[in-house]
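# Structural overview for review
The lines below spell out each chain.
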Amino acid sequence: MSEREVSRRRLLASAAGVGGLSLGLSLVPAGANAASSAGSHIRRAGGSWENVIERSSFSSPSAFNRSWKHLYPWNDRVDTHNGAARMHADKVSLAQGVLTLTATRLTAPDGFSQNAPYAPLWYLSGAVHSKEPIVVDDRFPEYDIEGEFRTQTGPGIWPAFWTTGIWPVFPPESDILEYVGDSTNLFNTWSKGANGEELVERERVSVRDPDAWHRYRVRMSKQGDDVVLDYYFDGARKATHRGIGWAGAPQWLIINLQMGSWASGLEPLGPDWSRQPGPSGDTYFRARNVWVRRMRAR
């Protein structure tokens, strides 16, 4: 990923994410967009809803293979990103309608990530992504994406359920579930400003027990060249953001269990960077009833 991507994650995981700027990244002030204070959803008449991913997609290997692929979607067989875990299909399992990603600490690092910040790979873990891209446009002006998840959290643990622009296009990105080293879920929306700077709207939701089943959801609605996003946690709307210029931009949906790096509170090449401290045993991230539907305009 680009150096800007590194800066993006540093902002995400640091105190600067509360209210600062970092290398071309800006937090959009609360209430800056009309959608952020309105509460939100754009009502349309005349469209019909269709399922892109069924709730049953984790019920069997054949159901999984109809909707999902292993690893990251940037290029063929990409197994690393911006953390300390190498992804492998063997770390993904299905049982009784539940997808489980397991991160296992190694006895020695398995090389280095090929993506900045080039962390030493102390973990084997799992990632999957949707076969069908998400494109909010005039043909499909609304998407509804949700799932039930439970995850271990804490230093070094970095699970996510998110959408991102088809590489090398970034943003857009919507983080529907993201815990970066603690028990605060981050609803993030990444856009690009008029001068090319990256903008983020963020809502932090403190979760008492992330390792119990909770429901995470985003509703996306086209509004001109933008996309309005409503974020929900356990059925309650927590935030409304605006994806600036998102209309027509294709995105992948990803579920992954990353480890280390920013989730360990580490700066590249700083103290403990080579060791990537985190859980010494296995770490689990589970998903069920993941569902994607879209409205087809008439």
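Whatever comes next refers back to the structure up there.
Below is a summary of the structure that appears in this document.

So, on to the overall build of the protein chain. Counting its secondary structure elements, the protein chain contains 3 helices and 18 strands. The buried share of the protein chain, taken over its 298 residues, is 56%. Sequence separation of 24 or more characterises 69% of the internal contacts of the protein chain that already satisfy a separation of 6 or more. Accessible area for the protein chain stands at about 12,200 Å²; split by element, carbon and sulfur atoms hold 48% of it.

On to the pattern of salt bridges, then. Following the criterion strictly, the structure yields 16 salt bridges and no others. In this structure, the salt-bridge partner of aspartate 79 is arginine 86, at a minimum N-O distance of 3.2 Å. The two residues aspartate 79 and arginine 86 agree in class, both being buried. Through salt bridges with shared partners, a single network forms among Arg55, Asp144, Glu146, Arg215, Arg217 and Arg293.

Another point: the packing of aromatic side chains. Scanning the model with the defined rule gives 9 aromatic pairs in all. The interplanar angle of 40 degrees and the centroid separation of 4.6 Å between the aromatic rings of phenylalanine 149 and phenylalanine 161 together place this pair among those described as tilted. Of this pair, phenylalanine 149 sits in strand 9 (residues 142–151) while phenylalanine 161 sits in strand 10 (residues 157–165), and the two are 12 residues apart along the sequence. Judged by its relative accessible area of 0%, phenylalanine 149 falls in the buried class. Look at phenylalanine 161 and you get buried, because its relative accessible area is 0%. Consider the rings of tyrosine 216 and phenylalanine 233, whose centres lie 5.3 Å apart with planes at 70 degrees: the pair is edge-to-face. Taken together, the positions of tyrosine 216 in strand 14 (residues 214–223) and phenylalanine 233 in strand 15 (residues 226–233) put the pair 17 residues apart, joining distant regions of the chain. The pair formed by tyrosine 216 and phenylalanine 233 is uniform in burial state, with each residue classed as buried. Members of the aromatic cluster, connected to one another through ring pairs, are Phe149, Phe161, Tyr216, Phe233 and Phe285. The lysine or arginine in question, arginine 288, covers the ring of tryptophan 213, its NZ or CZ lying 4.1 Å from the ring centre.

Right, let's talk about unusual backbone geometry for a bit. What you tend to see is this: most non-glycine residues have negative phi, and most peptide bonds are trans. Cis geometry is adopted by the peptide bond preceding proline 168, which originates at tryptophan 167 and carries an omega value of 15 degrees. Turning to its location among the elements, proline 168 is positioned in the loop between strand 10 and strand 11 (173–178). With an omega of 20 degrees, the peptide bond between proline 171 and proline 172 qualifies as cis. Checked against the element boundaries, proline 172 lands in the loop between strand 10 and strand 11. The backbone of leucine 269 sits at a positive phi, close to 70 degrees, despite the residue not being glycine.

Core analysis: the biggest nonpolar cluster contains 57 residues, and Met220 and Ile255 have the highest contact counts within it. If one sorts the elements of this core by residue count, strand 17 (residues 251–259) sits on top with 6 residues. Excluding residues within four positions of it along the chain, methionine 220 makes contact with Ile134, Val136, Pro141, Glu142, Tyr143, Ile145, Thr163, Ser174, Val227, Val228, Leu229 and Trp246. Core analysis: the second largest hydrophobic core is formed by 5 residues, Trp158, Val180, Leu186 and Ala263 among them.

Relative to the helices and strands, threonine 80 resides in the loop between strand 3 (68–70) and strand 4 (85–87). For threonine 80, a relative accessible area of 3% gives the class buried. In this structure threonine 80 touches Tyr72, Trp74, Ala85, Arg86, Ser113, Gln114, Asn115 and Leu121, once residues within four positions along its chain are discounted.

In this section: the pairing of strand 14. Counting buried positions over the 10 residues of strand 14 gives 8, a clear majority of the element. Two strands pair when backbone bridges link them, and strand 9 and strand 14 are joined in this way by 8 bridges, in the antiparallel orientation. Residue phenylalanine 149 lies in a different strand from strand 14, and its bridge partner there is histidine 214. As defined by bridge partners, strand 14 adjoins strand 15 across 8 bridges and the pair is classed as antiparallel. Counted as the bridge partner of lysine 222 is valine 227 from strand 15.

Quick notes on the rules
- Residues numbered from 1 in each chain as written.
- Predicted model: local features only at pLDDT ≥ 70, side-chain atom pairs only at ≥ 80, totals over all residues.
- Heavy atoms only, no water.
- Helix = DSSP H or I, 4+ residues; strand = E, 2+ residues; numbered from the N terminus.
- Buried < 20%, exposed > 50% of the residue type's maximum accessible area, 1.4 Å probe, protein only.
- Contact = heavy atoms within 4.5 Å.
- Areas by Shrake-Rupley, 256 points an atom, 1.4 Å probe, with all protein chains shown as cover.
- Salt bridge = Lys/Arg side-chain N within 4 Å of Asp/Glu carboxyl O.
- Phe/Tyr/Trp six-rings, centres within 6.5 Å; stacked < 30°, edge-to-face > 60°.
- Lys NZ or Arg CZ within 6 Å of the ring centre and 35° of its normal.
- Core = buried A, V, L, I, M, F, W, Y, C linked by side-chain atoms within 4.5 Å.
- Pairing = 2+ DSSP bridges.

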